[in-house]
Amino acid sequence: MDIEQKQAEHIDYFVKQASALKGSALNNVISEATSHPSLFAFSEILSVTNVVELEGTENSIYLDLLRLFAHGTWSDYKSIAGRLPQLVPDQVLKLKQLTVLTLAETSKELPYDQLMQELDVTNVRELEDFLINECMYVGIVRGKLDQLKRCFEVQFAAGRDLRPGQLGNMLQTLTDWLTTSDNLLISIQEKIKWADTMSESDRKHRKEVEERVDEVKKSLSLKETTPHWLR
């Protein structure tokens, strides 16, 4: 079973759980979801009406916790840790895994120094063990550990939940890309047309040259066969 299918099943389970509960009863559901070893997407849970209604209540810190796991990183957590429930080890691990996914969104070559800083890892051996055992083995990323260049070369990374406003940016990026592609296609077509025109021009020119050469040859041949007293 691939990671996408597993995600869909886990998401469906937690959405049903969240839809059936209200208020403080949702706290355990959110804690369980953010601790689950195979769940890395939370936007569907965030959109459940009962979860949204936690906003402004005494349980809103769990809504903030769920938002952190949907869009944030380990560094984000450290900056607001005092306003959130304390994380258990499984949640710490999950948030660090999600941090790797976020970094992989912006670059396919992640320096070891950057990763160690973002993940609070103290040495390369610990970092490589984390990437192998907690990321690649789990299936959320694939890549190559380059010890010579001291970087992780990302070949694949599972996508995270879209952040607010990110969809609009993605659509604009795609629109810009399509516009650029259309302009490039037009440019290529114009160059092909120009090349065809030049080719036709060259063909006509060669034909004219060949005709002139033939005329000269005929003229010379005629002179050679005509008696000198008739010339």
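These notes cover the structure that comes with them. (Residues numbered from 1 in each chain as written. Predicted model: local features only at pLDDT ≥ 70, side-chain atom pairs only at ≥ 80, totals over all residues. Heavy atoms only, no water.)

1. Observations concerning the overall build of the protein
Formally: Helix and strand assignments come from DSSP, with helices taken as H or I runs of at least 4 residues and strands as E runs of at least 2, each series counted from the N terminus. Think of it in three bands: with a 1.4 Å probe and only protein chains considered, a residue is buried below 20% of the maximum accessible area for its type, exposed above 50%, and partly exposed in between. In this description, accessible areas are obtained by the Shrake-Rupley approach with a 1.4 Å probe, and a residue is regarded as covered only by the protein chains that are shown.
Each helix and strand in the protein was counted, giving ten helices and three strands. The proportion of buried residues among the 231 residues of the protein is 32%. For the protein, the accessible surface area stands at approximately 14,900 Å², while carbon and sulfur atoms represent 54% of it.

2. Observations regarding the pattern of salt bridges
To keep it simple, the criterion reads: Salt-bridge detection follows one rule: a side-chain nitrogen of Lys or Arg within 4 Å of a carboxyl oxygen of Asp or Glu.
Enumeration over the complete set of coordinates arrives at nine salt bridges. The residue Asp 64 makes a salt bridge to Arg 67 at a minimum N-O spacing of 3.5 Å. Placement of both Asp 64 and Arg 67 in helix α5 (residues 60-71) is noted, with a separation of three residues, approximately one turn of the helix. Given the relative accessible area of 29%, Asp 64 is considered partly exposed. For Lys 78, the salt bridge identified is with Asp 120, shortest N-O distance 3.2 Å. Within this pair, whereas Lys 78 is found in helix α6 (residues 74-80), its partner Asp 120 is found in the loop between α8 (112-119) and α9 (124-136), the two being separated by 42 residues in sequence.

3. A closer look at the pairing of strand β2 (residues 141-146)
The test is simple: In this analysis, strands are considered paired if DSSP registers two or more bridges between them.
Strand direction decides the pairing type here: β2 and strand β3 (residues 151-157), joined by six bridges, are antiparallel. Each bridged residue has a counterpart across the sheet, and for Val 141 the counterpart in β3 is Ala 157. Between β2 and β3, which pair antiparallel in sequence order, lie four residues; one of them, Arg 150, sits at a positive phi of approximately 55°.

4. Topic: the pairing of β3
When strand β1 (residues 109-111) meets β3, the two strands line up antiparallel, connected through three bridges. Paired with Leu 110 across the strands is Phe 152, a residue of β3.

5. Quick notes on the packing of aromatic side chains
Filter applied, for reference: Pairing of aromatic rings covers Phe, Tyr and Trp, the last counted by its six-membered ring, and requires centre-to-centre distances within 6.5 Å; plane angles under 30 degrees mean stacked, over 60 mean edge-to-face, and any other angle means tilted. Charge over a ring is defined by NZ of Lys or CZ of Arg lying within 6 Å of the ring centre and within 35 degrees of the ring normal.
By the definition in use, this model includes three aromatic pairs. Considering the side-chain rings of Phe 42 and Phe 69, the 6.1 Å spacing of their centres and the 75° angle between planes classify their relative orientation as edge-to-face. Of the two residues, Phe 42 is situated in the loop between α2 (25-35) and α3 (43-46) and Phe 69 in helix α5; the sequence distance between them amounts to 27 residues. Both residues of the pair, Phe 42 and Phe 69, count as buried. One residue, Lys 94, lies across the ring of Phe 40, its end atom 5.1 Å from the ring centre. Positioned above the aromatic ring of Trp 74 is the side chain of Lys 96, whose terminal nitrogen or guanidinium carbon lies 5.1 Å from the ring centre.

6. Overview of the side chain of Lys 96
To be explicit about the condition: When charges are counted, Lys and Arg contribute as positive and Asp and Glu as negative, whereas His and the chain ends are disregarded.
With respect to the helices and strands, the residue Lys 96 is situated in helix α7 (residues 89-106). The charged side chain of Lys 96 is buried without a salt bridge, its nearest counter-charge being Asp 120 at 5.5 Å.

7. A short note on unusual backbone geometry
With a phi close to 55°, Asp 120 is a non-glycine residue in the positive phi region. Asp 120 gets classed as partly exposed once you look at its relative accessible area, which sits at 40%. Positive phi, close to 55°, is recorded for Arg 150, a residue that is not glycine. Its location among the elements puts Arg 150 in the loop between β2 and β3.

8. Digging into the packing of α5 against α7
Defined as follows: Axis lines are fitted through C-alpha atoms, for helices just across the contact stretch, and the angle between N-to-C directions can take any value from 0 to 180 degrees. With respect to orientation, any angle under 35 degrees is reported as roughly parallel, any angle over 145 as roughly antiparallel, any angle of 65 to 115 as roughly perpendicular, and every other angle as oblique. Pairs of residues are marked as contacts when any of their non-hydrogen atoms sit within 4.5 Å. Under the scheme applied, nonpolar residues are Ala, Val, Leu, Ile, Met, Phe, Trp, Tyr, Cys and Pro; charged residues are Asp, Glu, Lys and Arg; polar residues are all the others, including Gly.
Orientation of α5 relative to α7, taken along the N-to-C sense of each, is 40°, at an axis distance of 8 Å. With respect to α7, the element α5 is oriented oblique. Residues Leu 65, Leu 68 and Phe 69 of α5 lie in contact with α7, whose contacting residues are Gln 91, Lys 94, Leu 95 and Leu 98. Classifying every residue of the contact of α5 with α7 by side-chain character gives five nonpolar, one polar and one charged.

9. A closer look at a negative patch on the surface
Note the following rule: Within this analysis, patches are made of residues with over 30% relative accessible area and no salt bridge. Like charges are joined at 9 Å or less; nonpolar side chains (Val, Leu, Ile, Met, Phe, Trp, Tyr) at 5 Å or less. Every charge is mapped to an atom, namely NZ of Lys, CZ of Arg, CG of Asp or CD of Glu.
Judged by side-chain charge, Glu 208, Glu 210, Glu 211, Asp 214 and Glu 215 come together as a negatively charged surface patch. Tracing the backbone shows Glu 210 in helix α10 (residues 166-225).

10. Examining α8
Each α-helix turn comprises 3.6 residues. Residues three or four places apart therefore point the same way. What counts, and what does not: Picture the helix axis, draw a direction to every C-beta atom, and the arc is the one those directions span.
Tyr 112, Leu 115, Met 116 and Leu 119 are the residues of α8 that are buried. End-on, the buried residues of α8 take up no more than an arc of 100°, which puts them together on one face. The inward-facing, buried residues of α8 contact α6, α7, β1, α9, β2 and β3. Looking one or two places after α8, you find Asp 120, whose phi comes out positive at around 55°.

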